[in-house]
Amino acid sequence: MTGPRAWSGQQFQRGAEQAVADINTLGGVLGERLVLVVGDDASDARQAEAVARKLVADGVSLVIGHRSSDMTRAAAPIYDAAGIVQITPSSTNPSLTEQGWSHFFRVCGRDDQQAILAADYLHDEWSGKAIGIIHDNSSYGHGLASHTRERLNALGTKEVLFTGFDPGKLDYSELLGQVEQLDIDVLYTYATSWAGWVLANKEDWNWKIDKKTVADLKTLSTDYEEVHEFAVSPDGERIVVPVMQAEDEFRIWDTGSPLDGGFERAWKLNFTPDGKLV
């Protein structure tokens, strides 16, 4: 699995591999053993279409995926036209199940359902307070944020800030300046990247200084074939990311330089609250 959400795709793949192995151990389906075919859309809509066409050509009977709503939207019409059942475990955009696709299903809640819970909680706990809603401009983040605002407004509570941000940035001082200027009491953040974590832990960063450079990320895309999801230490002093420098050869890039040792797969990196990299 590749792309910015490779770590999540790898989890889906391992789960599917285990499920197929378990089913085959019990005799398969209708006396036939299951065969797993893996496709990688790399979190790109065009690639999702290409994957869908290949799976149709390969004659698959069932598709589990895609991970994200944008990729599912691109691939689902292709599967449906071919009469292939598609079940997504994680695409939550409400409109996906309103397209009339007769072979499309999902086993997760919709954005508008999640938004009801979020908005009701914001209204019950902070009605009369300054509420901010921000998102990372992704289809997922913007959709959830928009549905939450609609529900919140319907309950009679109006937010003082609703805006998106660039998840690829390290400097959010402009956005945080807005938050401080509006004297926001609660900031509800929809983000699928580490940027949401940075914003949630803004007290760990010294935004009063003119500029703080932790690491220069400009050369990552040119120095390495693949760059995966970033992780930021609790004190804001380290930025780590799995990178691929050759085919099936991954390393951990740590605040400007690669660490010793290599890996065959790229995994999601995290920091524990005490700053340990895991």
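Residues numbered from 1 in each chain as written. Predicted model: local features only at pLDDT ≥ 70, side-chain atom pairs only at ≥ 80, totals over all residues. Heavy atoms only, no water.

1. Overview of the overall build of the chain
Put simply, the rule reads: Counting from the N terminus, the helices are DSSP H or I runs at least four residues long and the strands are E runs at least two residues long. Relative accessible area decides the class of each residue, using a 1.4 Å probe on protein chains only: under 20% of the type maximum gives buried, over 50% gives exposed, and in between gives partly exposed. For the accessible areas, the method is Shrake-Rupley and the probe is 1.4 Å, while residue cover comes only from the protein chains on display.
Scanning the chain from N- to C-terminus turns up eight helices and 11 strands. A total of 278 residues make up the chain; the buried ones form 38% of that total. Taken as a whole, the chain presents about 15100 Å² of accessible surface, with 50% of it coming from carbon and sulfur.

2. Focus on the pairing of strand E9 (residues 239-246)
So the rule is basically this: Note: two strands are recorded as paired if DSSP finds a minimum of 2 bridges between them.
In terms of residue burial, E9 counts as a mostly covered element, since six of its eight residues are buried. Looking at chain direction, strand E8 (residues 231-232) and E9 are connected through two bridges and run antiparallel. Counted as the bridge partner of Val232 is Ile239 from E9. The hairpin turn running from E8 into E9, its antiparallel successor, is six residues long, and Gly236 in that turn takes a positive phi close to 75°. Judged from the six bridges that link them, E9 and strand E10 (residues 249-254) form a sheet pairing that is antiparallel. Considered in E10, the bridge of Ala246 is made with Glu249. Two successive antiparallel strands, E9 and E10, enclose a turn made up of two residues, where Asp248 displays a positive phi of approximately 60°.

3. Focus on helix H1 (residues 6-25)
Quick note on the threshold: Expected helix span is given by 1.5 Å per residue-to-residue step, counting one fewer step than there are residues.
In a regular helix each residue adds 1.5 Å, so 20 residues correspond to 28 Å; H1 covers 28 Å between its end C-alpha atoms and thus fits that length. Those residues of H1 not exposed but buried are Ala6, Trp7, Ser8, Gly9, Gln10, Gln13, Val20 and Asn24. Once H1 ends, the next one or two residues include Gly27, with phi positive near 110°.

4. Details of the sheet that holds strand E3 (residues 104-106)
We count it as follows: Every axis corresponds to a line fitted to the C-alpha atoms, with the helix fit spanning only the stretch in contact, and the corresponding angles, defined between N-to-C directions, vary from 0 to 180 degrees. Residue contacts are counted whenever heavy atoms from the two residues lie within 4.5 Å of one another.
An order of E1-E2-E3 is seen for the three strands of this open sheet, with the pairing classed as parallel. Among the strands making up the open sheet, the edge pair consists of strand E1 (62-64) and E3. If you compare each strand with its neighbour and ignore which way they point, the axes differ by 20° on average. Packing of helix H3 (residues 69-81) onto the sheet brings it into contact with E1, strand E2 (85-88) and E3, and relative to E2 it is tilted by some 160°.

5. A word on the environment of Asp41
So the rule is basically this: Each polar contact in these results corresponds to two N or O atoms within 3.5 Å; when the atoms are within protein, one needs to be able to donate a hydrogen and the other to accept it, and residues that are neighboring in sequence are counted only if both atoms are side-chain atoms.
Along the chain, the position of Asp41 falls in the loop between H1 and helix H2 (45-58). The spacing of Asp41 and His66 is 25 residues in sequence and 8.1 Å in space, taken between C-alpha atoms. Leaving out residues up to four positions away in the same chain, Asp41 has contacts with Gln47, Ala48, Val51, His66 and Met71. A distance of 2.8 Å separates the side chain of Asp41 from the backbone nitrogen of Ser43, its partner in a polar contact.

6. Description of the packing of helix H4 (residues 111-126) against helix H5 (residues 139-154)
Heads up, the rule is: Orientation categories follow fixed angle ranges, with anything under 35 degrees roughly parallel, anything over 145 roughly antiparallel, 65 to 115 roughly perpendicular, and all other angles oblique. Crossing handedness is defined as follows: a turn of the near helix away from the far one that is anticlockwise and smaller than a right angle gives a left-handed crossing, while the clockwise case is right-handed. Under the grouping applied here, Gly and all other residues not named as nonpolar or charged are polar, the nonpolar ones being Ala, Val, Leu, Ile, Met, Phe, Trp, Tyr, Cys and Pro and the charged ones Asp, Glu, Lys and Arg.
Put simply, H4 and H5 touch, their axes get as near as 8 Å, and they point 50° apart. In terms of orientation, H4 lies oblique with respect to H5. In this structure, H4 meets H5 at a crossing whose hand is right-handed. Across the interface between the two elements, Asp111, Asp112, Gln114, Ala115, Ile116, Ala118, Ala119, Asp120, Leu122 and His123 of H4 pack against Tyr140, Gly143, Leu144, His147, Thr148, Arg151 and Leu152 of H5. The residue inventory of the contact of H4 with H5, partitioned by class, reads eight nonpolar, five polar and four charged.

7. Let's talk about helix H6 (residues 173-181)
Rule in force here: This arc is built from the directions going out from the helix axis to the C-beta atoms.
Listed as buried for H6 are Leu175, Leu176 and Val179. Axial view of H6: buried residues confined to an arc of 95°, hence all on one face. Turned more than 90 degrees away from the buried face of H6 sit Glu174 and Gln181, all of them exposed. After H6 finishes, the residue Asp183 shows a positive phi value of roughly 55°.

8. Some words on the packing of aromatic side chains
Cut-off, in case you're wondering: Any two of the Phe, Tyr and Trp rings considered here, Trp counted by its six-membered ring, make a pair once their centres fall within 6.5 Å; the pair's planes then place it as stacked at under 30 degrees, edge-to-face at over 60, or tilted in between. Only Lys NZ and Arg CZ are tested; either one counts as a charge over a ring when it is within 6 Å of the ring centre and within 35 degrees of the ring normal.
Here the structure, examined in full by the defined rule, presents three aromatic pairs. Note on Trp101 and Phe104: the rings are 5.6 Å apart at their centroids and 80° apart in plane angle, and the pair reads as edge-to-face. Phe104 carries the same exposure label as Trp101, and that label is buried. Ring geometry for Tyr188 and Tyr190: centres 4.9 Å apart, planes at 90°, overall edge-to-face. A cation over an aromatic ring shows up here: Arg149 above the ring of Phe162, its NZ or CZ 3.7 Å from the ring centre.

9. Notes on the sheet that holds strand E4 (residues 131-135)
In space, the three strands of this open sheet follow the order E5-E4-E6, with parallel pairing throughout. Among the strands making up the open sheet, the edge pair consists of strand E5 (161-164) and strand E6 (186-190). Put simply, the sheet's adjacent strands are angled 15° from each other on average, direction ignored. As paired elements, E4 and E5 share four bridges and run parallel to each other. In the sheet register, His135 faces E5, and the bridge partner there is Gly164. Helix-sheet contacts for H4 involve E4 and E6, and the interaxial angle to E6 is about 170°.

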